Amino acid sequence: MSQEKSHPYHIVDPSPWPFVGSIGALVTMIGLVLFMHQHGYYVLAMGVFLVLLTMAAWFRDVIKESEDTETYTRPVMFGLRTGMALFITSEVMFFVAFFWAFFNASLFPTEPTGGVWPPKDIVPLDPFDFPYFNTLILLLSGTTITWAHHALLGKHDSDVLKGIGFTVLLGLIFTSVQAYEYAHATFAFKGGIYPSTFYMATGFHGAHVIIGTVFLMVCLLRAYLGQFTPDRHVGFEAAAWYWHFVDVVWLFLFVSIYWWGSGL
C-alpha cells in the first residue's frame, strides 16, 4: 500500500519527550518537597535538568518539523495559531482568579484588615516609582516586537534582529527592576491578604515575562539563522502574541493593584 500522505494534517511521529518530560516533572516536584524539608537539592536539580533537557530536545524536533513544507501545511499552521490563542486564553483565566481575590478583599474589607484597604499595617509601593517605569518599559517593548514583526513581513532581516533584540533587552530590564522592587518592599508574602494577592498576581506576571523573554531569545537565534520567512513564522507569531498578552496584563496590574489598590 502507498505511504504517500493523502491529507493536509500533521500526524506526529513517536517521541520519547512526553514520557521524559513527565518523569522530569515528577522528580522536580518530589525534589521540591524534599528541598523544603531540608533534605538537600540534588533530587530537585536532577528533575530540573530533565525538564530543561526535554524542552531543548522537544523544541529542536518541532523546529525541524517546521522546516518541512509538506508537514507544516496551512491547516497545520492554522491549528498551531488556534492552539496558541487558546493557551493564552487559559492564562487569562489564571489572572481573572488573582484579580477576583484582590478585588474581593479590597472592595469588601473585613475585620482582619482593619476594615480599610490597604490594611492598616501595610505601606504600599509608590505606583509612580518603579511600577510606572516598568509600565513604560513594557509599552516600549510592545512597539519593538511589533517593529520586528513588520520588518519580517517586509524582509528587512537586520531590523528583525534589532526589534527582537531590543525586546529581549527590555524584558531583562523589567525583570531586574521588579526583583529590586521585591527586595525593597516593606511587606512579605505571609503578611496577610494584601501581600499574598499582590505577590501572587505580580509574581505570576513576572514569571510570564521571564518565559516570554526566553521565548524571544529562541526566536532571536532562529531569526539570525534565517529560519523565518514572511509566510512561515508561526513560532515568532506565537512569541509576539504571548508578549502582547504580558503587556496588556501588566497594564491591568498597574492600574488596579499598584495605583488604585494603593489608596492614592
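Rules of the game
- Residues numbered from 1 in each chain as written.
- Predicted model: local features only at pLDDT ≥ 70, side-chain atom pairs only at ≥ 80, totals over all residues.
- Heavy atoms only, no water.
- Helix = DSSP H or I, 4+ residues; strand = E, 2+ residues; numbered from the N terminus.
- Buried < 20%, exposed > 50% of the residue type's maximum accessible area, 1.4 Å probe, protein only.
- Contact = heavy atoms within 4.5 Å.
- Areas by Shrake-Rupley, 256 points an atom, 1.4 Å probe, with all protein chains shown as cover.
- Lys, Arg positive; Asp, Glu negative; His and termini not counted.
- Charge placed at Lys NZ, Arg CZ, Asp CG, Glu CD.
- Core = buried A, V, L, I, M, F, W, Y, C linked by side-chain atoms within 4.5 Å.
- Salt bridge = Lys/Arg side-chain N within 4 Å of Asp/Glu carboxyl O.
- Phe/Tyr/Trp six-rings, centres within 6.5 Å; stacked < 30°, edge-to-face > 60°.
- Axes fitted to C-alpha atoms, helices over the stretch in contact; angles between N-to-C directions.
- Parallel < 35°, antiparallel > 145°, perpendicular 65-115°, else oblique.
- Left-handed = near helix turned anticlockwise from the far one by under 90°.
- Nonpolar A, V, L, I, M, F, W, Y, C, P; charged D, E, K, R; others polar.

Another point: the overall build of the chain. Tallying secondary structure elements over the chain gives seven helices and zero strands in all. In the chain, the order of α-helices and β-strands from amino to carboxyl end is α-α-α-α-α-α-α. Residue burial in the chain is summarised as follows: out of 264 residues, 38% are buried. Summarising the internal contacts of the chain: among those between residues at least 6 apart in sequence, 75% fall at separations of at least 24. Here the chain displays about 15,500 Å² of accessible surface, and carbon together with sulfur accounts for 72% of that area. One finds the centroid of the 11 positive side-chain charges in the chain at a distance of 5 Å from the centroid of its 18 negative side-chain charges.

A few words now on the nonpolar core. One finds Ile-164, Phe-198 and Phe-236 to be the most contacted residues of the largest nonpolar core, which totals 46 residues. Those elements giving two or more residues to this core turn out to be α3 (74-107), α4 (130-153), α5 (157-183), α6 (193-224) and α7 (234-259). In terms of residue count, α7 provides more of this core than any other element does, 14 residues in total. When neighbours within four sequence positions are excluded, Ile-164 is seen to be in contact with Ala-148, Leu-216, Cys-219, Leu-220, Ala-223 and Phe-236.

Turning our eyes to something else, we now look at the pattern of salt bridges. Tallied over the full model, the rule gives two salt bridges. A salt bridge links Asp-61 to Arg-60, with the shortest nitrogen-to-oxygen separation between them at 3.0 Å. For Asp-61, a relative accessible area of 23% corresponds to the partly exposed category. The partner of Arg-81 in a salt bridge is Glu-237, and the shortest N-O contact between them spans 2.6 Å. On the criterion of sequence distance, the pair formed by Arg-81 in helix α3 and Glu-237 in helix α7 is long-range, its members being 156 residues apart. Residue Arg-81 is classed as partly exposed on the basis of its relative accessible area of 24%. Judged by its relative accessible area of 13%, Glu-237 falls in the buried class.

This part is about the packing of aromatic side chains. Here the distance between the centres and the angle between the planes together describe a pair of aromatic rings. By the definition in use, this model includes 34 aromatic pairs. Aromatic side chains Phe-187 and Tyr-194 sit 5.5 Å apart centroid to centroid with 90 degrees between the ring planes, which places their arrangement in the edge-to-face category. Here the two residues Phe-187 and Tyr-194 agree in accessibility, since each one is buried.

For the rest of this paragraph, the subject is the environment of Leu-34. As for its placement among the helices and strands, Leu-34 is situated in helix α1 (residues 17-36). With 145 residues separating them in the primary sequence, Leu-34 and Ala-179 have C-alpha atoms 26 Å apart. Those residues in contact with Leu-34, other than ones at most four positions away along the chain, are His-39, Gly-40 and Val-43.

All right, on to the side chain of Asp-247 then. Inspection of the secondary structure puts Asp-247 in helix α7. The side chain of Asp-247 is buried and forms no salt bridge, while Arg-81, the nearest opposite charge, is found at 19 Å. With residues up to four places along the chain from it excluded, the contact list for Asp-247 reads Leu-138, Ser-141 and Gly-142.

This next bit is on the packing of α4 against α5. The contact between α4 and α5 brings their axes to 8 Å, and the two run at 165 degrees. Between α4 and α5, the angle is such that the two are roughly antiparallel. For the crossing formed where α4 meets α5, the hand is left-handed. Tallied by class, residues from the contact of α4 with α5 come to 19 nonpolar, six polar and three charged.

This part takes up the packing of α6 against α7. One can describe the packing of α6 onto α7 by two numbers: an axis separation of 9 Å at closest approach and a directional angle of 155 degrees. The angle between α6 and α7 falls in the class roughly antiparallel. The way α6 lies across α7 gives a crossing that is left-handed. Class assignment of the residues belonging to the contact of α6 with α7 gives a composition of 20 nonpolar, six polar and one charged.

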